[in-house]
Amino acid sequence: MNSTTEERTLPSAAQAEADELLAEFPNKKSALLMILRIVEREFGMIDDGGLALAAKLCEVSPAHVLGMASFYTHFKRPWHGKHRLMVCATLMCALGGTKQALEQIHRTLGLRPGEITHDGVFSLEKVECLADCDRPPAMQVNFKHHVKMHGEALDRLLAELLATEKKTPADYENQTPIKMNAAIPIVSVKQDM
Ligand code: FES
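The following refers to the structure shown.

Criteria and thresholds
- The residue count restarts for each chain, going from 1 along the sequence in the order it is written.
- In view of the model being predicted, local features appear only for residues whose pLDDT reaches at least 70, and side-chain atom pairs are presented and counted only at 80 or more, with totals across whole chains, interfaces and linings using the full set of residues.
- To assign burial, the other C-beta atoms lying within 10 Å of each residue's own C-beta are counted, with C-beta atoms placed from the backbone; 20 or more indicates buried, 12 or fewer indicates exposed, and intermediate counts indicate partly exposed.
- Only DSSP runs of H or I covering at least 4 residues are called helices, and only runs of E covering at least 2 are called strands; the numbering of each starts at the N terminus.
- Strands qualify as paired when DSSP identifies two bridges or more between them.
- Contact definition: two residues whose C-beta atoms, as placed from backbone geometry, lie within 7 Å.
- Orientation is described by lines fitted to C-alpha atoms, with helices fitted over the stretch in contact, and by angles between N-to-C directions that extend from 0 to 180 degrees.
- Roughly parallel here means an angle under 35 degrees, roughly antiparallel means over 145, roughly perpendicular means 65 to 115, and every remaining angle is called oblique.
- Should the near helix be turned anticlockwise from the far one by less than a right angle, the crossing is termed left-handed; should it be turned clockwise, right-handed.
- Amino acids outside the nonpolar list (Ala, Val, Leu, Ile, Met, Phe, Trp, Tyr, Cys, Pro) and the charged list (Asp, Glu, Lys, Arg) are all regarded as polar, and Gly is one of them.

1. With respect to the pairing of strand β1 (residues 83-88)
Here β1 lies mainly inside the structure; five of its six residues are buried. In terms of strand pairing, β1 meets strand β4 (residues 139-141) through three bridges, oriented antiparallel. From the neighbouring strand, L85 faces β4, where its bridge partner is V141.

Okay, structure coming up:
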């Protein structure tokens, strides 16, 4: 695991894109969300170095950027796994199998919501309504939408994810996951977006 405070500099094409964007606003602060998206895209996530870079570009304090990046939970942060599993836990999905889906994920990856695997490859979150209430339980993996995620369909999805990483459930047996709220930066795994 490495530090996430590394100083960040945008590649020249991305810097030109950011400059063009910033020039459109009389107040650079107004471009912050879009600048964060550029930072996330270029570095695969928004770490402390990315927060500092966005603050510098938009001429705001790092605390202001942190507030924005924490409020919008869709931003990828260092403590999210390379594969970010988000399971809907709002009423219709809760009635339609969220608990069973979470148990299935736990059996395969050893994860409970709010945890990340020891190797940083998978993380699991319970989220609010994903707008597919009539096909529960809904979930997203790296923001790709999946519905009716129970039984064989969920097993298949998990098997595909494991195969992508050349892993098996055995890799996660008897391993202690890391709590996301421990805010441990995990950047040793390449964060493909
Ligand atoms: S309640 Fe789960 S998608 Fe709406």
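2. Some remarks on the environment of A89
As for its placement among the helices and strands, A89 is situated in the loop between β1 and α5 (91-95). Taking the C-beta count within 10 Å as the criterion, A89 has 19 such neighbours and is therefore assigned partly exposed. Sequence separation between A89 and P136 is 47 residues, and the spatial gap between their C-alpha atoms is 9.7 Å. When near neighbours in sequence (up to four residues on either side) are disregarded, A89 contacts A94, T98, K126 and V127.

3. Quick word on the packing of helix α2 (residues 32-43) against helix α3 (residues 48-58)
Running from amino to carboxyl end, α2 crosses α3 at an angle of 140 degrees, the nearest separation of the two axes being 10 Å. Relative to α3, the element α2 lies oblique. Taken as a pair, α2 and α3 cross one another with a handedness that is right-handed. Along its contact with α2, which presents L32, I35, L36, V39 and F43, the element α3 presents G50, L53, A54, L57 and C58. When its residues are assigned to classes, the contact of α2 with α3 shows nine nonpolar, one polar and no charged.

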